[in-house]
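Structural description and commentary
Next come the chains, spelled out residue by residue.
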Amino acid sequence: MTKFLATTALVAVLSLPVYAAQPAEGEKLAEDQSLSFWILDAIKTLDPQLTESRTDSDMIRQLFEGLMTQDDTGAMVPGMAESHDISDDKLTYTFHLRDAKWSNGDPVTAGDFVYAWRRAADPETASEYAWFVELMNLENATAVVKGEASPEELGVTAIDDKTLEVKLSKPTPYFLKTLDHATTYPAPQKVIEEHGQQWTQPGNLVGNGAYVLKSHDLGVKATAVKNDQYYDAENTIIDEVNFITVNDQNIALTRYQAGEIDWFNLIPAGQYPKLKEEFPDEAISVPWACSYGYVFNLSEKGPEALKDLRVRQALSYAIDRDIIVDKVLQGGQKPAYYWTHWAMEGFEEPEIEMANWTQPERMEKARELLTEAGYGPDNPLKLKLMYNTSEDHKKIAIAVQQFWKAIGVELTLENYEWKVFVDKGNNQDFEVQRYAWCADYNEASTFLDWFRTDGDNNGMWSNEEYDQLLADAATEENPAENYKKMEQLLIGDMALAPVYHYAQPNMIKPDLRGVPLDNVMGDWYAKNLYRVAE
Amino acid sequence: MFAYVMRRLAVAIPTLLLLIIISYILMHFAPGGPFSKDREVPAAVLANLNAKYGLDDPLWKQIWDYLYGIVVHFDFGPSFVYPDLTVNQLIAKGFPVTLTYGILSFLLAVLVGVMLGVTAAIWHNSWLDYLAVGISIGAQVLPNFVMAPILLLIFTLWYRLLPGGGWSFSDPTFWIMPIIALATSYMASITRITRSSMLEVLGSNHIRTARAKGMPERRVILRHALKPAMLPVISYLGPVFVSMITGSVVIDMFFSTGGIGKSFVDSALNRDYAVMMGVTILLGTLTILFNLLVDILYVWIDPKIRY
């Protein structure tokens with residue numbers, strides 16, 4: 001086994017004690033170091049192994065810390081693990097834990113990770129995120145999740161209190177990037193066994209993060225305060241973090257303007273330009289690792305017409321992405337001509353033909369292709385588009401209806417509530433479906449895996465060469481080339497019509513500093529933020 | 001009277017039972033389930049989830065177990081979406097909030113509504129009448145989802161007098177906007193009903209007689225007109241009271257009160273069966289109880305009514 005430092009970022013940061021809030025020289029800290037962050041929905045659970053929501057994770061990230069954390073560019077830096085070794089075959093990772101304590105004073109041990117990971121995979125826990133352990137490719141993960149092997153057989157072992165050994169079933173280039181996901185956070189076995197499912201209540205919850213839960217009023221507000229037991233508490237400046245639920249974005253914006261919320265990260269579609277003009281220092285749009293597109297149903301249940309590549313190409317070409325981005329959404333999103341979000345770490349933009357054409361050129365090609373495929377004024381192509389209830393999806397769908405009408409396609413819009421939408425999608429009961437995917441980790445494969453033959457792909461597109469490229473990417477030193485080829489296969493065969501790459505239009509109070517705007521995952525740690533005196 | 005109340009209560013139990021069974025069945029057949037996810041849950045995990053919540057049992061057994069849990073342990077089961085909480089805890093957290101702003105808002109709507117309605121009727125066709133009717137129409141066309149953002153703009157953003165949302169039992173400044181926003185449209189209806197009912201009563205024979213006897217107008221109105229005029233108002237107030245104390249999704253959403261109204265709507269959208277059933281039962285019970293209460297009030301107000 002060779003000593004191996006995973007990334008250059010890790011080398012750079014090892015010289016510093018840890019990654020923490022670093023006020024610039026001359027910045028005077030404000031008296032009040034509390035932070036109020038807006039969330040759209042109530043927090044569903046604070047149990048790291050049970051959560052499945054981004055909102056929950058934003059709070060859980062303050063209360064717990066994984067083996068790795070992220071710096072403000074999203075690069076992985078040491079968290080609970082001070083360093084790690086990787087075996088030559090890239091199948092065994094050994095993590096060396098730092099001296100750290102739980103908020104009740106108990107030491108954080110390798111056993112706490114073993115317990116947590118087994119807990120996530122154990123069918124007894126019935127975690128909806130059990131698949132994350134499979135995604136990490138932990139040895140025996142699939143068998144444990146299926147209940148065919150006992151959780152003790154999962155590829156994670158505590159060599160001693162300070163050494164954690166992880167065995168993978170295959171080399172996984174993104175493995176280290178999964179180590180900041182809530183599912184992988186350690187869990188306090190003693191506390192969970194004592195309180196059962198009530199262990200996440202204020203007063204019961206014990207965490208190893210920079211903050212400790214003070215109160216949680218469901219659907220109203222949750223508050224965490226500085227954890228004195230945290231190993232880097234002396235460099236933590238923000239002393240109170242509030243998560244304020246406001247179910248309506250416009251109301252949230254009003255409350256932001258009234259000073260009740262310091263950071264609001266989802267300006268409603270169409271309002272960003274006006275806010276940017278009015279509050280140039282506060283309205284900031286940053287790329288965010290999600291992509292949006294229209295998936296074609298290529299399964300047996302799908303319409304015959306969509307099985308013709310020319311039809312799919314015509315439909316994709318006819319979408320005027322610039323109008324959707326510049327006139328409908330207006331929040332800094334980018335038109336998409338391929339699936340992976342453009343800002344993913346290590347991703348190189350693939351050469352896609354249609355991206356270089358003008359929209360009139362695309363329209364002309366679309367008309368030609370559709371005529372070639374046998375559709376025209378006498379025999380119009382009729383399709384149905386399924387989307388879930390949301391003003392924004394509706395606006396985009398209506399725009400697309402118009403774009404497609406221009407090439408003679410009669411599109412019927414079908415709106416379903418979320419649960420019905422999801423069910424129909426998973427059962428291939430649709431013709432064209434709007435779809436969006438958000439990255440699980442900062443690497444292209446999180447997007448591309450969706451179109452793997454056994455992946456989640458609702459349209460049932462399948463391509464052997466694509467699958468092979470994805471499998472090979474796992475062992476490549478530089479998988480970017482594979483990813484590029486895969487995008488070309490995907491778009492060459494128009495498995496979907498990509499529409500746009502997300503951006504996150506924020507409103508951030510000007511005295512709040514250290515917000516990780518360069519982290520395309522949108523993950524943040526209150527311990528790295530601070531407020532300056534104005 | 002006592003026998004009547006007993007009889008009504010006896011009917012209430014099978015009604016409630018029927019409500020539970022029908023709701024459970026309807027919910028069961030709604031497309032999509034609590035664990036239908038964008039990213040499909042692995043089959044093995046899904047099987048475990050279904051087993052954990054008893055969703056793999058036959059329907060009749062699910063309903064039986066559910067009823068058994070309620071009757072024997074007063075246990076409404078665990079929430080499927082909020083794994084940290086049971087339905088009992090969810091209701092215990094949300095219902096007191098809803099009850100607080102609901103009752104206060106009801107009182108406000110009734111006090112102002114009746115006052116305006118009576119004023120308008122007494123000074124029929126005077127400027128007071130027009131003012132009262134004007135206010136009432138104004139309030140009617142401002143439903144709570146319009147009222148809420150307007151209040152917020154004025155009191156939170158411009159004058160910074162009130163917090164823009166949230167809830168605290170110890171700080172009434174959090175209550176003011178939800179109460180006003182919820183009360184306005186109800187107040188408008190109460191004004192209209194009171195006014196027309198009062199006008200009708202004021203034109204009736206017994207009032208003419210009272211006036212002919214030379215009874216002072218003040219007494220005519222307070223002793224002879226007000227009580228009978230309240231009859232249609234009270235039959236309107238029964239269901240209104242229930243709907244106000246069981247919450248409003250609009251108020252909960254706009255003011256982040258954490259009330260039960262939002263939980264109810266969410267539970268339906270999330271297919272959180274247990275929460276949905278819990279709130280349905282709460283609502284059903286309250287509706288039955290308050291309808292009974294209204295019927296009893298009738299007897300007190302109108303001696304002509306006998307059961």
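Residues numbered from 1 in each chain as written. Chains lettered and ligands numbered in written order. Predicted model: local features only at pLDDT ≥ 70, side-chain atom pairs only at ≥ 80, totals over all residues.

1. A few points about the overall build of chain A
Rules: Helix and strand labels come from DSSP, where a helix needs a run of H or I of at least four residues and a strand needs a run of E of at least two; each type is numbered from the N terminus. Atoms counted for the radius of gyration: C-alpha only. Globule rule: 2.2 Å times residue count to the power 0.38. Using C-beta atoms placed from the backbone, we call a residue buried if 20 or more other C-beta atoms fall within 10 Å of its own, exposed if 12 or fewer do, and partly exposed for counts in between. Contacts here follow a simple rule: the backbone-placed C-beta atoms of the two residues must lie within 7 Å.
If you tally the helices and strands in chain A, you get 17 helices and 19 strands. Relative to a compact globule of 534 residues, whose C-alpha radius of gyration would be 24 Å, chain A shows 24 Å and is just as compact. C-alpha extents for chain A along the principal axes are approximately 75 × 55 × 40 Å. Each of the 534 residues in chain A was classed as buried or not, and the buried ones make up 52%. For chain A, contacts bridging at least 24 residues in sequence account for 70% of all contacts bridging at least 6.

2. Here we look at the overall build of chain B
Secondary structure assignment for chain B yields twelve helices and zero strands. If you list the helices and strands of chain B from N to C, you get α-α-α-α-α-α-α-α-α-α-α-α. The principal-axis extent of the C-alpha atoms belonging to chain B is close to 85 × 60 × 35 Å. Residue burial in chain B is summarised as follows: out of 307 residues, 38% are buried.

3. Looking at the interface of chain A and chain B
The interface of chain A with chain B comprises 39 residues on the first partner and 39 residues on the second. Breaking the side of chain A that touches chain B down by element, the ones donating at least two residues are helix 5 (141-146), helix 7 (249-257) and helix 14 (418-426) of chain A. It is helix 14 of chain A that contributes the most residues to the side of chain A that touches chain B, six residues altogether.

4. What to know about the domain arrangement of chain A
Residue and element names in this part refer to chain A. This is how the line gets drawn: Bear in mind that the domain bounds are from an automatic or database domain assignment. The residue classification treats Ala, Val, Leu, Ile, Met, Phe, Trp, Tyr, Cys and Pro as nonpolar and Asp, Glu, Lys and Arg as charged. All others, Gly included, are polar.
Examined at the domain level, chain A breaks down into domain 1 (34-238 + 509-531) and domain 2 (287-503). Using C-alpha coordinates to define each centre, domain 1 is positioned 33 Å away from domain 2. Facing the 13 residues of domain 1 at the interface are 16 residues of domain 2. Grouping the amino acids of the side of domain 1 that touches domain 2 by side-chain chemistry returns six nonpolar, five polar and two charged.

5. Notes on the UniProt feature "domain: Solute-binding protein family" (unreviewed entry) in chain A
Put simply, the rule reads: UniProt positions are given in the numbering used here, feature names are shortened, and annotations may be inferred rather than shown by experiment.
In this numbering, the UniProt entry assigns the feature "domain: Solute-binding protein family" (unreviewed entry) to residues 76-458 of chain A. Here residues 76-458 of chain A is 29% helix and 22% strand, with 32 Å between the C-alpha atoms at its ends.

6. Let's talk about the nonpolar core
Residue and element names in this part refer to chain A. Put simply, the rule is: Any nonpolar core is a set of buried residues, restricted to Ala, Val, Leu, Ile, Met, Phe, Trp, Tyr and Cys, that join up through C-beta atoms within 7 Å.
The biggest cluster of nonpolar side chains holds 215 residues, and the ones touching the most others in it are Leu63, Trp117, Ala121, Val133, Ala314, Ala318 and Val499. For this core, the domains that each give at least three residues are domain 1 (34-238 + 509-531) and domain 2 (287-503). Contacts of tryptophan 117, omitting those with residues within four sequence positions, involve Val133, Leu138, Leu154, Val156 and Thr184.

7. Observations concerning the UniProt feature "domain: ABC transmembrane type-1" (unreviewed entry) in chain B
Mapped onto this numbering, the UniProt entry annotates "domain: ABC transmembrane type-1" (unreviewed entry) at residues 95-294 of chain B. From the first C-alpha to the last, residues 95-294 of chain B spans 22 Å; its make-up is 82% helix and 0% strand.

8. Some points on unusual backbone geometry
All names here are of chain B. Positive phi, close to 45°, is recorded for serine 256, a residue that is not glycine. Looking at the secondary structure, you find serine 256 in the loop between helix 10 (249-255) and helix 11 (260-270). Positive phi, close to 55°, is recorded for arginine 271, a residue that is not glycine. Note on placement: arginine 271 falls in the loop between helix 11 and helix 12 (273-301). Exposure remark for arginine 271: the 22 C-beta atoms within 10 Å place this residue in the buried category.

9. Some words on the pairing of strand 15 (residues 409-416) of chain A
Residue and element names in this part refer to chain A. In plain terms, the rule: Two strands qualify as a pair provided that DSSP identifies no fewer than 2 bridges between them. Throughout, right-handed denotes a crossover for which the path from the first strand over the helix to the second runs clockwise when the strands point away from the viewer.
Summarising the sheet, strand 14 (residues 381-388) and strand 15 pair through eight bridges and their orientation is parallel. By the bridge assignment for strand 15, asparagine 388 is matched with tyrosine 416. In the classification by handedness, the crossover that spans strand 14, the intervening helix 13 (residues 391-405) and the parallel strand 15 is right-handed.

10. A word on the environment of isoleucine 301 of chain B
Residue and element names in this part refer to chain B. Within the secondary structure, isoleucine 301 is located in helix 12. For isoleucine 301, a count of 16 C-beta atoms within 10 Å puts it in the partly exposed group. Separated by 73 residues in the primary sequence, isoleucine 301 and proline 228 have C-alpha atoms spaced 6.8 Å apart. In contact with isoleucine 301, other than residues within four places in its own chain, are Lys227, Met230, Leu231 and Ile234.

11. What about the UniProt feature "transmembrane region" (unreviewed entry) in chain B?
Residue and element names in this part refer to chain B. With numbering matched to this structure, UniProt assigns "transmembrane region" (unreviewed entry) to residues 9-30, 99-123, 130-161, 173-190, 233-255 and 275-301. Secondary structure content for residues 9-30 is 95% helix and 0% strand, and the end C-alpha separation is 31 Å. As annotated, residues 275-301 has a helix share of 100% and a strand share of 0%, and its two end C-alpha atoms lie 38 Å apart.

12. Digging into the sheet that holds strand 7 (residues 163-167) of chain A
All names here are of chain A. We apply this condition: Every axis in this analysis is a line fitted to C-alpha atoms, fitted for helices over the stretch in contact. Angles between the N-to-C directions lie between 0 and 180 degrees.
Judged by pairing direction, the sheet is antiparallel, and its four strands sit side by side in the order 4-5-7-6 without closing on themselves. Bordering the open sheet on either side are strand 4 (81-86) and strand 6 (156-160), each of which pairs with just one other strand. Adjacent strand axes in the sheet meet at a mean angle of 25°, parallel and antiparallel pairs treated alike. Bridging between strand 4 and strand 5 (residues 92-97) involves five bridges; their strand directions are antiparallel. Bridge pairing links aspartate 85 to threonine 94 in strand 5.

13. Side note on the packing of helix 6 (residues 144-158) of chain B against helix 7 (residues 173-202) of chain B
Residues and elements named next belong to chain B. Test applied: Two helices crossing with the near one rotated counterclockwise from the far one by less than a right angle form a left-handed crossing, whereas a clockwise rotation gives a right-handed crossing.
Relative orientation of the contacting elements helix 6 and helix 7 amounts to 145°, with a least axis distance of 9 Å. Note that helix 6 runs across helix 7; the crossing there is right-handed. Here Asn144, Met147, Ala148, Leu151, Leu152 and Phe155 of helix 6 come into contact with helix 7, specifically with Met177, Ile180, Ala181, Leu182, Thr184 and Ser185. Among the residues making up the contact of helix 6 with helix 7, the classes are represented as nine nonpolar, three polar and no charged.

14. Focus: the packing of helix 7 of chain A against helix 6 of chain B
To be explicit about the condition: Under this scheme an angle from 65 to 115 degrees is roughly perpendicular, one under 35 degrees roughly parallel, and one over 145 degrees roughly antiparallel; angles in between are oblique.
Contact geometry of helix 7 of chain A with helix 6 of chain B gives a least axis separation of 10 Å together with a crossing angle of 10°. What the angle tells us is that helix 7 of chain A and helix 6 of chain B run roughly parallel. Contacts between helix 7 of chain A and helix 6 of chain B involve Asn250, Ile251, Thr254, Arg255 and Gln257 of chain A on the former and, on the latter, Pro149, Leu152, Leu153, Thr156 and Leu157 of chain B. The class makeup of the residues in the contact of helix 7 of chain A with helix 6 of chain B is five nonpolar, four polar and one charged.

15. Focus: the confidence of the model for chain A
Interpretation of this model should avoid reading the predicted coordinates in detail wherever pLDDT is low. Test applied: pLDDT gives the predictor's per-residue confidence on a scale running from 0 to 100.
For chain A, per-residue confidence averages 93 on the pLDDT scale, and residues scoring 70 or more make up 97% of the total. Contacts from residues 1-17 of chain A, a stretch scored under 50 in pLDDT, to residues over four places away or in other chains number 22 contacts.

16. Description of helix 13 of chain A
All names here are of chain A. For clarity, the cut-off: Here, expected helix span is obtained from the residue count minus one, scaled by 1.5 Å. What the arc covers is the set of directions going from the helix axis to the C-beta atoms.
Compared with the 21 Å implied by 1.5 Å per residue over 15 residues, the 21 Å span of helix 13 between its first and last C-alpha is a close match. Every buried residue of helix 13 is listed here: Ile396, Ala397, Val400, Phe403 and Trp404. For helix 13, the angular spread of the buried residues around the axis is 120°, confining them to a single face. In this structure, helix 13 carries Glu391 and Ile398 as exposed residues pointing more than 90 degrees from its buried face. Buried positions along helix 13 lie against helix 9 (309-318), helix 10 (321-329), strand 14, strand 15, strand 16 (432-438) and strand 17 (496-508).

17. What to know about helix 11 of chain B
All names here are of chain B. By the criterion of burial, helix 11 is predominantly enclosed, with eight of the eleven residues buried. By the burial criterion, the buried members of helix 11 are Ile260, Gly261, Lys262, Ser263, Phe264, Asp266, Ser267 and Asn270. Looking at the buried positions of helix 11, the neighbouring elements they touch are helix 4 (87-122), helix 10 and helix 12. Once helix 11 ends, the next one or two residues include arginine 271, with phi positive near 55°.

18. Notes on the environment of leucine 116 of chain B
For leucine 116 of chain B, the location among the structural elements is in helix 4. Between the alpha carbons of leucine 116 of chain B and serine 256 of chain B there is a distance of 31 Å; along the sequence they are 140 residues apart.

19. A closer look at the pairing of strand 12 (residues 283-296) of chain A
All names here are of chain A. Within strand 12, eleven of the 14 residues are buried, which leaves it mostly tucked inside the rest of the structure. Strand direction decides the pairing type here: strand 12 and strand 17, joined by ten bridges, are antiparallel. Within strand 17, the position partnered with alanine 283 by the bridge is methionine 507. Bridge count between strand 12 and strand 16: seven bridges; the pairing is antiparallel.

20. A look at the confidence of the model for chain B
Confidence in the prediction of chain B, expressed as mean pLDDT, is 91, and 100% of residues score 70 or more. In the predicted assembly, ipTM is 0.90 and pTM is 0.91.

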